[in-house]
Every structure is written in structure tokens, then in C-alpha cells.
Amino acid sequence: MEISEVKKGMHVLIDGDLYQVIDFLHVKPGKGAAFMSTRIKKVKTGVTIDRNFNTNYKCEEAHISRRNAQYLYNDGETYYFMDNETFEQSEIPAERIADNKDFLIENNSVDIVTFNGELLGIIIPEKLEMTVVSVDPSTLSSTATKPTKEAVVETGLKLRVPDFIKEGEKIIVTTCDGKYFSRA
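These remarks concern the structure in this document. These numbers come from a predicted model, not from an experiment.

Remarks on the overall build of the chain
No. 1: A count of helical and extended segments in the chain gives one helix and 15 strands.
No. 2: For 184 residues, the compact-globule estimate of 2.2 N^0.38 gives 16 Å, and the C-alpha radius of gyration of the chain, at 21 Å, exceeds that figure by more than 25%.
No. 3: For the chain, the proportion of its 184 residues judged to be buried stands at 35%.
No. 4: Counted over contacts in the chain with a minimum sequence separation of 6, partners at least 24 positions apart contribute 40%.
No. 5: Surface exposure of the chain reaches about 11300 Å², of which carbon and sulfur atoms provide 47%.
No. 6: Of the side chains in the chain, 23 bear a positive and 29 a negative charge, and the two mean positions are spaced by 8 Å.

Structure (C-alpha cells):
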């Protein structure tokens, strides 16, 4: 396939390495040939790079597999998951979990991603219900903006929440940025 056919989130093979397309833009300068400006992430290392390609550059779409699994526990260095169909356990090193560790709640479902039999990592839902375990004291005052305070959820993630949220409440958190979305 040509590089101009890529889409956000797609996995492609470039120079023999597996990348995920984070962002792309087709650029037509006033002078010179058009090109694709891309931001891609090397799946094995997690390194994100910006790279420009000629529009006729050929790459191969990588077909990754996803299996639904349940998060069981971690021992600090390894995270353990159970396949929901075969009940086999998978072990994933902490470095492959990366920032997703703040959103892993025991018994929640995730997708385990593999490519050619190699375990790459996990994909978590876009929004999660989490329980607030502690909040800063209320800062109600007459202000023109909506007051917020810091809260900590069950996984240890710290985030800003509206002033009316109390300890023990369930909230919805967006996993792409770790921000408060709404009450559950």
C-alpha cells in the first residue's frame, strides 16, 4: 500500500520495523512535490518520531491480533492477564504496559495485542469507571471559573475533579489523557 493510504491508529511495517500511525498530514507545498508528514510510534520501543515520506512511498499494513483478556494482578515487574476464551495466562513486562498501568483495575477487561505471535502490549477502553479514594478539601469560593481539586483514584492516578466530587464516589476517567469526564 502507498503511504498516502494510512489512517490514524493503523499499524504498518516501515523498513522492517512495526510502527503505529499516531498522526498524519498530506502536505502540498506551493513549490515541489507533495509529501506525507507523519508522527509514528515504534511499537517495540515506544519511541515516537516525526517522519516525512514521498507520496509514492510503499509500506506494508501490519495485521495485528487482539484477544480479550482480564487483568489479574502485577508483581511490580510483570503484569498478569487471563485470556477470556482459553483461560490461559499471559505475562507482560511492565515496560510494555507503560502509561496504561494507571488504568488497570483487577478483573477489568483489556485487549492483548500480538503481531506474528509476539506479545506487544495492551489496549484499554477509552473511558473507565474508577473509585475516588481521597480528595483535597473543598475550595468553594465565589469565582468566575468552575473550581476543581486534586483527587486520587483506586489505581493511584492523581487528577483534577470538580469541587462537588467526594471520597468514595465513582467517576468516569478518559484513558487517553487521564482526565475527569463525568460522574458514573
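The rest of the description comes next.
A look at the environment of Cys-59
No. 1: Relative to the helices and strands, Cys-59 is located in the loop between strand E4 (48-54) and strand E5 (60-61).
No. 2: Owing to a relative accessible area of 8%, Cys-59 belongs among the buried residues under this scheme.
No. 3: Sequence-wise, Cys-59 and Ile-14 are 45 residues apart; in three dimensions their C-alpha atoms are separated by 5.8 Å.
No. 4: Among residues more than four places away in sequence, those in contact with Cys-59 are Met-1, Ile-3, Val-6, Val-12, Leu-13 and Ile-14.

A closer look at the packing of aromatic side chains
No. 1: Scanning the entire structure with this criterion turns up four aromatic pairs.
No. 2: Measuring from centroid to centroid gives 5.4 Å for Tyr-71 and Phe-81, while their planes differ by 50 degrees, and the two rings are tilted. In this pair, Tyr-71 is assigned in strand E6 (residues 65-74) and Phe-81 in strand E7 (residues 78-83), connecting sequence segments 10 residues apart. With respect to burial, Tyr-71 and Phe-81 carry one shared label: buried.
No. 3: Three or more aromatic residues link up through ring pairs in this structure, and these residues are Tyr-71, Tyr-79 and Phe-81.

Focus: the sheet that holds strand E11 (residues 127-135)
No. 1: Judged by pairing direction, the sheet is antiparallel, and its five strands sit side by side in the order E13-E12-E11-E14-E15 without closing on themselves. This sheet does not close on itself; its edge strands, each paired only once, are strand E13 (158-162) and strand E15 (179-183). Sheet twist, expressed as the average angle between the axes of neighbouring strands with direction ignored, equals 55 degrees.
No. 2: Of the pairings in the sheet, the one linking E11 to strand E12 (residues 148-153) comprises three bridges and is antiparallel in character. In the strand pairing of E12, Val-132 is matched with Val-153.

A few points about the pairing of strand E10 (residues 118-123)
No. 1: Here five bridges tie strand E9 (residues 109-115) to E10, and the two strands are oriented antiparallel to one another. Bridging from a neighbouring strand, Asp-111 pairs with Ile-123 of E10.
No. 2: Where E9 folds back on E10, the antiparallel hairpin that results is connected by two residues, among which Asn-116 adopts a positive phi of roughly 50 degrees.

About the thresholds
- Counting starts from 1 at the beginning of each chain's written sequence and moves along it residue by residue.
- Thresholds applied to this predicted model are a pLDDT of at least 70 for local features of residues and 80 or more for the giving and counting of side-chain atom pairs; totals over whole chains, interfaces and linings are not thresholded and use all residues.
- Side-chain metrics rest on all non-hydrogen atoms present in the structure, leaving aside hydrogens and water.
- Secondary structure elements follow DSSP: runs of H or I no shorter than four residues count as helices, runs of E no shorter than two count as strands, and numbering proceeds from the N terminus.
- This radius of gyration counts C-alpha atoms alone. The globule rule is 2.2 Å times how many residues there are, raised to the power 0.38.
- To sort residues, take the accessible area from a 1.4 Å probe on protein chains only and compare it with the maximum for the residue type: under 20% means buried, over 50% means exposed, and anything in between is partly exposed.
- In this analysis, two residues are considered to be in contact whenever any of their non-hydrogen atoms come within 4.5 Å of each other.
- Using a 1.4 Å probe, the Shrake-Rupley method yields the accessible areas, and only the shown protein chains count as cover for residues.
- Counting rule applied: Lys, Arg positive; Asp, Glu negative; His and chain ends not counted.
- Note that the charge is assigned to NZ on lysines, CZ on arginines, CG on aspartates and CD on glutamates.
- Ring pairs are drawn from Phe, Tyr and Trp, using the six-membered ring of Trp, whenever the two centres fall within 6.5 Å, and their geometry is named by plane angle: stacked under 30 degrees, edge-to-face over 60, tilted for the rest.
- A pair of strands is considered paired only if DSSP assigns at least 2 bridges between the two.
- Angular values range over 0 to 180 degrees, each being the angle between N-to-C directions of two axes fitted as lines to C-alpha atoms, with helices fitted over their stretch in contact.

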